[in-house]
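# A closer look at the structure
What follows is the residue order along each chain.
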Amino acid sequence: MVNKELKAPIIYETSYNVQTASQLNDKINQEYASDEKKQVLLTEFPTVYVINDPMNKNNSQYAVYVGETNDIQRRTLQHLDSDPAKRDDFFHLKNSKNVSMFVIGHEHFNKSMTLDIENRMMQYLSSVPAVYRLNNRRHNEQNRYYDSDEFDDLFNLIWKKLGKKNQILFPARKIIESSAIFKASPFNKLTNEQLNAKAKIIDNIN
């Protein structure tokens, strides 16, 4: 049961290229000219973003990158400027056609929440049949934090709203959650006991 007090997430879709990135904050402010709060939540607060590259004409396969940032314009420009020289995935994203990006904001986002959303987003996308390549493979599972009890409901709202924009890339959760790939995903959040065991193993190795 979704918490009815949670407001809907803000999802801004934009093309992914140098020209758009250099004007990203201005474009967001123009899109939400009548709502200063949404402007601030997307341009000055932590956000999660999903860069997606359709790899064929019928948009049945995608290369995807998921990230989180405290400055979406600066981070996007970095991906398009310096990152392509160091990473093949960003080189291909920069030079592909029709690449787009979803920027996700919410009034309850903080650093821990966006890291958790990023991790869950990768867990789901790694199980989506249309995702041919998931470029970000880091793990960012978080322990408890201020609004962690809202995490599941907030993620579900985000996924559902993304599904209305692209049903192939963000299909119904029940389809994904029933797959064997999803259940075996390395992005599944660890329990407290598993986190403690992980910490002990790392300490022993060190």
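Our subject is the structure that appears above.
Residues numbered from 1 in each chain as written. Predicted model: local features only at pLDDT ≥ 70, side-chain atom pairs only at ≥ 80, totals over all residues. Heavy atoms only, no water.

A count of helices and strands for the chain gives 11 helices and five strands. Taken over 206 residues, the chain has a buried fraction of 49%. In the chain, the share of contacts with a sequence separation of at least 24, taken over all contacts with a separation of at least 6, comes to 73%. With an accessible surface of roughly 11400 Å², the chain has 47% of that area assigned to carbon and sulfur atoms. (Helix = DSSP H or I, 4+ residues; strand = E, 2+ residues; numbered from the N terminus. Buried < 20%, exposed > 50% of the residue type's maximum accessible area, 1.4 Å probe, protein only. Contact = heavy atoms within 4.5 Å. Areas by Shrake-Rupley, 256 points an atom, 1.4 Å probe, with all protein chains shown as cover.)

When helix α6 (residues 88-95) is considered as a whole, its buried residues turn out to be D89, F90 and L93. Looking straight down α6, one finds its buried side chains confined to an arc of 90°; they lie on one side. With respect to the buried face of α6, the exposed residues turned more than 90 degrees away are D88 and N95. Where α6 is buried, its residues touch β2 (47-54), β3 (62-69), α4 (72-81) and α5 (83-86). (Arc of directions from axis to C-beta.)

Core analysis: the largest hydrophobic core is formed by 29 residues, its most contacted members being M121 and L125. For this core, the elements supplying multiple residues, two or more each, are β2, β3, β4 (100-105), α7 (111-125), β5 (131-134) and α8 (151-165). Counting 19 residues, the second largest nonpolar core, distinct from the first, contains Y16, A21, L24 and L42. (Core = buried A, V, L, I, M, F, W, Y, C linked by side-chain atoms within 4.5 Å.)

On to a positive patch on the surface, then. A contiguous patch of positive charge on the surface is contributed by K38, K160, K161, K164 and K165. You can see K165 is positioned in helix α8. Its relative accessible area of 41% is what places K165 among the partly exposed residues. (Patch = residues over 30% accessible without salt bridge, like charges linked within 9 Å, V, L, I, M, F, W, Y side chains within 5 Å. Salt bridge = Lys/Arg side-chain N within 4 Å of Asp/Glu carboxyl O. Lys, Arg positive; Asp, Glu negative; His and termini not counted. Charge placed at Lys NZ, Arg CZ, Asp CG, Glu CD.)

Turning to the sheet that holds strand β1 (residues 10-15), a few remarks are in order. Spatial ordering of the open sheet is given by β1-β4-β2-β3-β5, a layout of five strands whose pairing is mixed. Only two strands of the sheet have a single partner each, and these edge strands are β1 and β5. Taking the axes of each pair of neighbouring strands and ignoring which way they run, one obtains an average angle of 25° across the sheet. Where β3 and β5 come together, three bridges link them in parallel fashion. By the bridge assignment for β5, Y62 is matched with V131. Sitting on the sheet, helix α2 (residues 24-31) touches β1 and β4, and the angle it makes with β1 is about 130°. Docked against the sheet, α7 engages β2, β3, β4 and β5, running at close to 170° with respect to β3. (Pairing = 2+ DSSP bridges. Axes fitted to C-alpha atoms, helices over the stretch in contact; angles between N-to-C directions.)

So, about unusual backbone geometry. The phi angle at N98 is positive, at roughly 65°, despite the residue not being glycine. Tracing the backbone shows N98 in the loop between α6 and β4. Take N98: its relative accessible area is 67%, and that puts it in the exposed class.

Scanning the entire structure with this criterion turns up seven salt bridges. The partner of D71 in a salt bridge is R74, and the shortest N-O contact between them spans 4.0 Å. Accessibility expressed as a relative area gives 27% for D71, which makes it partly exposed. On the basis of relative accessibility, which here comes to 46%, the residue R74 falls in the partly exposed class.

Spatial relationships are all this shows, so hold off on functional conclusions.
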